[in-house]
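Next come the chains, spelled out residue by residue.
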Amino acid sequence: MRKKIVAGNWKMNTSVTKGIELAAAVADKSKETANVLLIVAPPFTHLTKVGEQLKGSAVALSAQNCATETSGAYTGEVAASMIADTGATYCILGHSERREYYGETSETLNKKLAQCFASKLSPIFCVGEKLDERESNRHFEIVKAQLQSTVFNLSDEEFDQTIIAYEPVWAIGTGKTAMPEQAQEMHAFIRKTLAEKFGTKADNISILYGGSCNPSNAKALFSNPDVDGGLIGGASLKVDDFLAIAKSF
Ligand code: PGA
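Residues numbered from 1 in each chain as written. Predicted model: local features only at pLDDT ≥ 70, side-chain atom pairs only at ≥ 80, totals over all residues. Heavy atoms only, no water.

Trainee: Give me the lowdown on the pattern of salt bridges, citing residues and values where you can.
Mentor: Throughout the structure, instances matching the rule amount to 13 salt bridges. The residue K247 makes a salt bridge to E32 at a minimum N-O spacing of 2.6 Å. Residue K247 is found in the segment after α11 (239–246), and its partner E32 is found in the loop between α1 (16–29) and β2 (37–41); the two are separated by 215 residues along the sequence. For K247, a relative accessible area of 45% puts it in the partly exposed group. Note on E32: relative accessible area 47%, which makes it partly exposed. Linking K144 and E196 is a salt bridge whose minimum nitrogen-to-oxygen distance equals 3.5 Å. (Salt bridge = Lys/Arg side-chain N within 4 Å of Asp/Glu carboxyl O. Helix = DSSP H or I, 4+ residues; strand = E, 2+ residues; numbered from the N terminus. Buried < 20%, exposed > 50% of the residue type's maximum accessible area, 1.4 Å probe, protein only.)

Trainee: Tell me about the site of the ligand, and please be specific about residues and values.
Mentor: The environment of the ligand is made up of N9, K11, H95, E167, A171, I172, G173, G211, S212, L231, G233 and G234. Within the contact set of the ligand, an oxygen atom lies 2.7 Å away from a backbone nitrogen or oxygen of S212. With the chains in place, 94% of the 280 Å² that the ligand exposes on its own is no longer accessible. By residue class, the composition of the shell around the ligand is three nonpolar, seven polar and two charged. (Near = heavy atom within 4 Å. Polar contact = N/O pair within 3.5 Å; in protein donor to acceptor, adjacent residues only side chain to side chain. Areas by Shrake-Rupley, 256 points an atom, 1.4 Å probe, with all protein chains shown as cover. Nonpolar A, V, L, I, M, F, W, Y, C, P; charged D, E, K, R; others polar.)

Trainee: Describe the nonpolar core, listing the residues and the values that go with them.
Mentor: In terms of nonpolar packing, the biggest core is built from 61 residues, with I164, I190 and L194 touching the most fellow members. No other element matches the six residues that helix α9 (residues 180–198) contributes to this core. With residues near it in sequence (within four places) discarded, I190 still touches V127, V143, L147, I164, Y166 and I207. Within the second largest apolar cluster, 14 residues are counted, among which are I5, I92, A165 and L231. (Core = buried A, V, L, I, M, F, W, Y, C linked by side-chain atoms within 4.5 Å. Contact = heavy atoms within 4.5 Å.)

Trainee: Run through the pairing of β2, naming residues and quoting values.
Mentor: Counting buried positions along β2 gives five out of five residues, so the element sits mostly inside the fold. The sheet contact formed by strand β1 (residues 5–9) and β2 spans five bridges and is parallel. Across the sheet, residue G8 finds its bridge partner in β2, namely V40. With two bridges connecting them, β2 and strand β3 (residues 60–63) associate as parallel partners. Directly across from V40, in β3, lies its bridge partner L61. Once you follow β2 into helix α2 (residues 47–54) and on to β3, the crossover reads as right-handed. (Pairing = 2+ DSSP bridges. Right-handed = clockwise from strand over helix to strand, strands pointing away.)

From the geometry alone we can't say anything about function, so treat these as descriptive.
So, in structure tokens, the structure goes:
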């Protein structure tokens, strides 16, 4: 059985105080969604405090990124082992904002994947096409190449620990959600592509949809057989919206 997952990517939002409040509210209400794994991904600076807040609840903690290296003279970077020390068990990797604004490539991401696994962090690995790539009908080819150059390099054991997030770049923060049929079509394609390498293990991997997912559209998206949940940006900052999304299965 694939896990149903709703993960909140807080991006560069909230003060530490607000983050703690948000995490406390999510932890408190998480009992209402016991069939769904909830994950929150606050900024690095909040991880320890938010982790303390989540203790005793079923809500898991994630970082939004990690360093390519293990330790040393890398000013401004945060190692996967440091993230794991805070109690986090997940790490978002390859978000389109990281690919676009910080030049992350498959080469960078392969190093980050290795760092995550070395520190027992499960990656939430993002893929997705840009608007012009969809308009020129290259979306399948782009997503396949993103997977082949990264996730395909994982061992079977590493693959089992991985969550995939399909986030069409044109839908992120734009209010434009993929149609449920578009999401299903791409999620099924991703699963089929992963099966080429990992066989039946691809049936067990959770593939989340991300991009302007909110309480009004989550039900239609999550009712598709290959959509196992969501990676939620804007709506994860409002506890009621985040929980309403998690109740949409
Ligand atoms: P959004 O962001 O829900 O605000 O569109 C999703 C994401 O970038 O993970």
